[in-house]
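Letter by letter, the chains look like this.
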Amino acid sequence: MIIIVDYGMGNLGSILNMLKKVGIPDAKVSSLPSDIERADKLILPGVGAFDTGMQRLRETGLIGLLNEKVLSAKTPTLGVCLGMQLLTKFSEEGQLPGLGWIDAETVRFRFDPMKTGLKIPHMGWNTVKVSQPGTLFLDMYDEPRFYFVHSFHVVSHNPDDVVAVTEYGYEFASVIQHGHIMAAQFHPEKSHKFGMKLYKNFVEYA
Amino acid sequence: MLMPRIMPCLLLKDGGLVKTVKFKNPGYIGDPINAIRIYNEKEVDELIFLDITATIEKRDPPYQKLTEIASECFMPVTYGGGVRDVETIRHILSLGIEKVSVNSYAVENPDFVRAAADRFGSSTIVASIDVRKKLFGQYEVVIDGGRKGTGFDPVTFAVKMEQMGAGEILLNSVERDGTQKGYDIDLIKSVTGAVGIPVIACGGAGQVEDFSAAVADGGASACAAGSMFVYYGTNRAVLITFPERRKLEEALKPGGDVSG
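Residues numbered from 1 in each chain as written. Chains lettered and ligands numbered in written order. Predicted model: local features only at pLDDT ≥ 70, side-chain atom pairs only at ≥ 80, totals over all residues.

Before going further, it helps to spend a moment on the overall build of chain B. Within chain B, the regular secondary structure consists of 10 helices and 14 strands. Scaling as 2.2 N^0.38, a compact globule of 260 residues should have a C-alpha radius of gyration of about 18 Å, and chain B matches this with 17 Å. With the C-alpha coordinates of chain B rotated into their principal frame, the extents come out at 50 × 40 × 35 Å. In chain B, buried positions account for 53% of the 260 residues. Restricting the contact set of chain B to residue pairs at least 6 apart, pairs at least 24 apart contribute 64%. (Helix = DSSP H or I, 4+ residues; strand = E, 2+ residues; numbered from the N terminus. Rg over C-alpha atoms; globule rule 2.2 N^0.38 Å. Buried ≥ 20, exposed ≤ 12 C-beta atoms within 10 Å, placed from the backbone. Contact = placed C-beta atoms within 7 Å.)

Okay, structure coming up:
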């Protein structure tokens with residue numbers, strides 16, 4: 001069973017709706033240890049601030065169990081938006097350490113909005129340049145584009161982990177995969193057929 | 001490349017879709033779910049749903065309808081109408097709606113916008129501002145579906161909404177609503193020049209060139225339209241539609257236009 005980890009941050013309903021659309025009727029939103037224990041796959045969603053996210057995650061008391069599921073049991077995991085950033089070691093947005101499941105950090109967009117004319121947050125549909133198909137871009141539609149809303153982005157310390165980049169001021173890693181741990185900065189659940197295909201690829205990953 | 005977002009702005013009344021002209025005479029368009037299925041096929045960037053009578057009838061948002069809407073929308077969705085407390089926003093977001101817009105109540109109680117932005121993040125909260133032109137050409141923010149003046153100037157009010165933590169401004173011109181005569185570029189320009197957050201132009205779009213004007217001349221980050229995406233032809237026959245992506249890309253690329 002696919003468990004969408006509920007720690008009070010993020011758009012759980014839309015991920016559930018998207019999973020139903022790709023033929024997974026029994027995915028479940030949960031913060032119960034018993035559900036997480038028997039999950040075949042995990043999705044870590046998230047919208048909002050880094051520290052609030054980490055704080056809420058701590059309050060659920062699930063971090064130990066999640067570490068075990070992801071790092072020891074190697075349960076395939078997908079981080080989405082803030083959920084991607086929480087997988088990193090730390091973020092310039094906050095003080096609390098991240099989960100540190102991937103060798104990466106989260107940084108603020110490094111350009112001056114006044115000089116570049118680019119607004120922060122980066123909001124709207126943008127394209128991605130896929131550097132390696134990884135799991136999530138297998139048989140992807142041509143010219144994939146996705147819906148983004150974020151002010152911070154992930155910098156990987158391991159270039160091999162970067163699956164796709166997106167241009168906003170400069171190129172940043174929009175999709176990362178390190179073995180069974182995957183993450184997307186955009187919202188695939190709100191990205192039409194492109195997002196459907198991405199979730200389908202995650203669901204079918206074995 | 002990041003493209004300016006183009007979004008249908010759809011009005012709900014008694015569970016059905018309607019379209020107004022200058023905020024009046026709501027004409028029935030059809031069932032929202034049918035419209036969403038077509039917009040999914042057309043891969044629209046985003047959708048806005050506004051319940052135009054929730055505030056004046058002093059009732060809750062139509063949660064059941066929003067549940068159905070959210071389960072069909074595979075693009076971001078904003079809902080507005082009758083939003084007056086944090087619990088209402090939490091409920092709406094839990095259904096799978098991304099953003100909530102606040103309009104009349106933001107005028108009565110601007111601190112509510114701050115409370116909502118603190119709780120749910122700025123990118124979730126849209127300040128919806130309806131504007132009408134007064135006798136001598138001055139602009140005024142209006143509430144209660146355009147029924148009531150507030151004495152606020154839209155630029156001052158937009159700046160206040162940004163300070164309160166709103167992540168976007170949906171700027172709607174009452175005079176242009178439903179006319180398809182083009183956006184009020186002066187109004188859009190005055191607001192985009194004063195705030196740093198994205199402004200969604202709304203009211204008056206009739207053709208793709210109007211989007212180019214709102215973005216290039218007005219400085220809008222996104223364009224919303226109603227009539228253009230629900231009517232066809234001069235007789236305003238109902239037809240749920242959306243321009244082809246190539247046509248939008250051509251019109252919206254920097255320095256681009258669709259002529260020739």
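Once you've had a look at it, read on.
Confidence in the prediction for chain B averages 94 pLDDT; 98% of positions are at 70 or higher. Across the predicted assembly, pTM comes out at 0.94 and ipTM at 0.91. (pLDDT = per-residue confidence, 0-100.)

In globular proteins that are soluble, nonpolar side chains generally tend to be buried together. Residue and element names in this part refer to chain B. Counting residues in hydrophobic clusters, the biggest one holds 144 residues, and the most contacted among them are Ile 169, Leu 171, Ile 200, Ala 201, Cys 223 and Ala 224. In terms of residues, this core owes the most to one element, strand β1 (residues 5-13), which gives six residues. Excluding residues within four positions of it along the chain, Ala 224 makes contact with Met 7, Cys 9, Ile 48, Leu 170, Ile 200, Ala 201 and Cys 202. (Core = buried A, V, L, I, M, F, W, Y, C linked by C-beta atoms within 7 Å.)

For a regular strand, the rule is simple: side chains alternate between the two faces of the sheet. All names here are of chain B. β1 sits mainly inside the fold: eight of its nine residues count as buried. With four bridges connecting them, β1 and strand β12 (residues 222-225) associate as parallel partners. Note on β12: the bridge partner recorded for Pro 8 is Ala 225. Linking β1 to strand β2 (residues 16-21), which pair antiparallel, is a turn of two residues; within it Asp 14 sits at a positive phi near 50 degrees. (Pairing = 2+ DSSP bridges.)

We now examine the packing of helix α8 (residues 208-216) of chain B against helix α10 (residues 245-252) of chain B. All names here are of chain B. Close contact between α8 and α10 brings their axes to 9 Å; oriented N to C, the two are set at 35 degrees. Judged by the sense of rotation from one axis to the other, the crossing of α8 with α10 is right-handed. Two secondary-structure elements touch here, α8 through Val 208, Glu 209, Phe 211, Ser 212 and Val 215 and α10 through Lys 247, Leu 248, Ala 251 and Leu 252. Taken together, the residues of the contact of α8 with α10 sort by class into six nonpolar, one polar and two charged. (Axes fitted to C-alpha atoms, helices over the stretch in contact; angles between N-to-C directions. Left-handed = near helix turned anticlockwise from the far one by under 90°. Nonpolar A, V, L, I, M, F, W, Y, C, P; charged D, E, K, R; others polar.)

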